[in-house]
Amino acid sequence: MKKYFIGAIISMLFVTLSTTELSAQCIQNQKGEWVLPSGEPCPNAIITAVPFLRISADARASGLGDAGIALSADANSLGFNDSKLVFAEEDMGVSLSYTPWFRNINITDMYIAYLSGYKKLDDLQAFGGSIRFFSFGNIVFTDENGQPIGEGNPQEAEMKLAYARKLGDKLGFGIGGKFIYSDLASNQTVQGQTISVGLAGAVDISATYMDEIEIGNTDTDLTVALSATNIGSKITYLNAANNAKDYLPTNLGLGTALNFKLDEYNELALVADFNKLMVPTTCFGAECDEDGNLIPDYLELNPIAAMFSSFGDAPNGFREEMAEISISTGLEYWYNNQFALRGGYFYESATKGNRRFATLGTGLRYNVFEINLSYLISINQNNNPLANTLRFALIFNLGEE
């Protein structure tokens, strides 16, 4: 199973080929919409390199349907929104998270590990850093005929440093820089081309607004946050000059949270995230390659131009653009700031990947120590690699204000 999984990843390196195959299946109907021959909407998921950057490594947010942009700050905030760090209740925090991969089909050596931490310099400033590591375990590579051609240990990593500052009592700004390393099948040869290690750099930019309001007779913390992540260079695994480089999973996310302080012992938070990849949508038809170089024009845009074009390039217009927004929602209950219960739901359009799952989670906090657990339940026919998987994170909150 693992070798087929890696084979699928390698095939994604050749985006031009996969795009051509998809385009051949889609036709235009009388309304000018791109559909399958059966008349159903044409699947058109956005393809990027290093998709591991968009996998939530935080067990707390994972228990809330992956909603973490406006969630109250802790050491794992670096995975969603750097600007939250200046609103953290503790002066310093460190977290270690572990996410098994494909455990539902008994693969035991694939996982994502995430180490993150922050330090508040004062009430106005904070900095943090994180390391994300994705191991694919030991892989047997095969050729087009299924014959073994060697073994390897594909792996990917992200190293990040971030700075956050308050611009007022209620507004914070954050920026982070990261280095990305992706070794999927280096030194292997596919279609006569040798695969190399992919390297890239990127930045995250975010802002958070927090205010205390009253809903009914209940004191409530309102948080609204905006986070643009993985804005950076394109990445390639091939050395040939005529190959198009692949886009990073540049993402724009809007997060909201309402934290209801029910009484001295009970709190309830309602969170929601809305995410859209700022990556060009696959184009259909002969006009996609106007210069005739066999590389679709949308793959030849520079990263900044690609970001802006992504808001209006869907082949089926505005409706398809809206379908590219994924939604995460969740509820988090805390008793006495020591014990938490969580539940969430993630929705993605059927034509944009069709990921839909429910999540459950719990948390326990004692002195400086906190542990969070989450569990994913796939609710459609897609075999989610995290289905029926328990994830966990350890957090050490060091030094309260």
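Residues numbered from 1 in each chain as written. Predicted model: local features only at pLDDT ≥ 70, side-chain atom pairs only at ≥ 80, totals over all residues. Heavy atoms only, no water.

Turning to the overall build of the protein, a few remarks are in order. Helices and strands together make up the secondary structure of the protein, namely five helices and 20 strands. Against the 2.2 N^0.38 benchmark of 21 Å for 401 residues, the protein shows a C-alpha radius of gyration of 22 Å, consistent with a compact globule. Principal axes of the C-alpha set define a box for the protein whose edges measure 65 × 50 × 35 Å. Across the 401 residues that make up the protein, the buried fraction comes to 48%. Across the protein, the fraction of contacts at a sequence separation of at least 24, relative to all contacts at a separation of at least 6, is 61%. Of the roughly 18700 Å² of accessible surface on the protein, a fraction of 59% belongs to carbon and sulfur atoms. In the protein, the 26 positive side-chain charges and the 46 negative ones have mean positions that sit 2 Å from each other. (Helix = DSSP H or I, 4+ residues; strand = E, 2+ residues; numbered from the N terminus. Rg over C-alpha atoms; globule rule 2.2 N^0.38 Å. Buried < 20%, exposed > 50% of the residue type's maximum accessible area, 1.4 Å probe, protein only. Contact = heavy atoms within 4.5 Å. Areas by Shrake-Rupley, 256 points an atom, 1.4 Å probe, with all protein chains shown as cover. Lys, Arg positive; Asp, Glu negative; His and termini not counted. Charge placed at Lys NZ, Arg CZ, Asp CG, Glu CD.)

Take Glu320: it is sitting in helix 5 (residues 318-323). Judged by its relative accessible area of 8%, Glu320 falls in the buried class. Once residues within four sequence positions are removed from consideration, Glu320 is found in contact with Asn44, Thr281, Ala314, Pro315 and Lys352.

As paired elements, strand 3 (residues 90-100) and strand 4 (residues 111-120) share nine bridges and run antiparallel to each other. Counterpart to Gly93 in the pairing with strand 4 is Tyr118. In sequence, strand 4 turns back onto strand 5 (residues 125-135) through a hairpin of four residues. (Pairing = 2+ DSSP bridges.)

With 13 bridges joining them, strand 12 (residues 198-215) and strand 13 (residues 218-232) adopt antiparallel strand pairing. The residue of strand 13 that forms the bridge with Val203 is Ile231. Where strand 12 folds back on strand 13, the antiparallel hairpin that results is connected by two residues, among which Gly216 adopts a positive phi of roughly 65°. Bridge count between strand 13 and strand 14 (residues 251-261): eleven bridges; the pairing is antiparallel. By the bridge assignment, Asp219 is partnered in strand 14 with Lys261.

Turning our attention to the environment of Asn259. Mapped onto the elements of the fold, Asn259 is located in strand 14. Residues Asn259 and Ser378, 119 residues apart in the sequence, show an inter-C-alpha distance of 27 Å. In this view, Asn259 contacts Asp219, Thr220, Asp221, Glu267, Leu268 and Ala269; residues no more than four positions away in its chain are not counted. A polar contact of 3.2 Å, which involves the side chain of Asn259, links it to the side chain of Glu267. (Polar contact = N/O pair within 3.5 Å; in protein donor to acceptor, adjacent residues only side chain to side chain.)

How two aromatic rings sit relative to each other is set out by the distance from centre to centre and by the angle between their planes. Under the criterion given, the structure shown has eleven aromatic pairs. Plain terms: the ring middles of Tyr98 and Phe392 are 5.9 Å apart, the flat faces sit at 40° to each other, and that makes the pair tilted. Note that Tyr98 is positioned in strand 3 and Phe392 in strand 20 (residues 390-400), a separation of 294 residues in sequence. Since its relative accessible area comes to 24%, Tyr98 is described here as partly exposed. Seen in terms of ring centroids, Trp101 and Phe134 are 5.3 Å apart; in terms of plane orientation they differ by 70°. Their pairing is edge-to-face. Of this pair, Trp101 sits in the loop between strand 3 and strand 4 while Phe134 sits in strand 5, placing them 33 residues apart in sequence. The two residues Trp101 and Phe134 agree in class, both being buried. Clustering of aromatic rings is evident, with ring pairs tying together Phe52, Trp101, Phe102, Phe134 and Phe136. Note that Lys276 overlies the ring of Phe311, its terminal NZ or CZ placed 5.1 Å from the centroid. The ring centre of Trp334 lies 4.1 Å from the NZ or CZ of Arg365, which sits over that ring. (Phe/Tyr/Trp six-rings, centres within 6.5 Å; stacked < 30°, edge-to-face > 60°. Lys NZ or Arg CZ within 6 Å of the ring centre and 35° of its normal.)

Overall, the coordinates contain 17 salt bridges when judged by the stated rule. Ionic pairing is found between Arg355 and Glu348, a salt bridge with its closest N-O pair at 2.9 Å. We classify Arg355 as partly exposed; its relative accessible area is 40%. Judged by its relative accessible area of 10%, Glu348 falls in the buried class. Here the residues in one salt-bridge network are Asp82, Arg132, Glu158, Lys160, Lys178 and Asp204, joined through shared partners. (Salt bridge = Lys/Arg side-chain N within 4 Å of Asp/Glu carboxyl O.)

Let's shift gears to the state of the cysteines. Under the counting rule described, the total for this entry stands at two disulfides. The partner cysteine of Cys26 in its disulfide is Cys42, sulfur to sulfur 1.7 Å. Note that Cys26 is positioned in the loop between helix 2 (15-25) and strand 1 (27-28) and Cys42 in the loop between strand 2 (34-35) and helix 3 (59-62), a separation of 16 residues in sequence. There is no split in this pair, since Cys26 and Cys42 are both buried. The side chain of Cys283 participates in a disulfide bridge whose partner is Cys288; the two sulfur atoms lie 2.0 Å from each other. Between Cys283 and Cys288, the S-S torsion sits near -80°, and that sign places the bridge as left-handed. Residue classification places Cys283 among the partly exposed positions, given a relative accessible area of 24%. Listing the disulfide partners of the protein by sequence rank of the bonded cysteines yields 1-2, 3-4. (Disulfide = S-S within 2.5 Å.)

Another point: the confidence of the model for the protein. Taken as a whole, the protein shows an average pLDDT of 88; of its residues, 92% reach a score of 70 or greater. Of the regions scoring below 50 in pLDDT, residues 1-20 engages in 48 contacts with residues more than four places distant in sequence or in other chains. (pLDDT = per-residue confidence, 0-100.)

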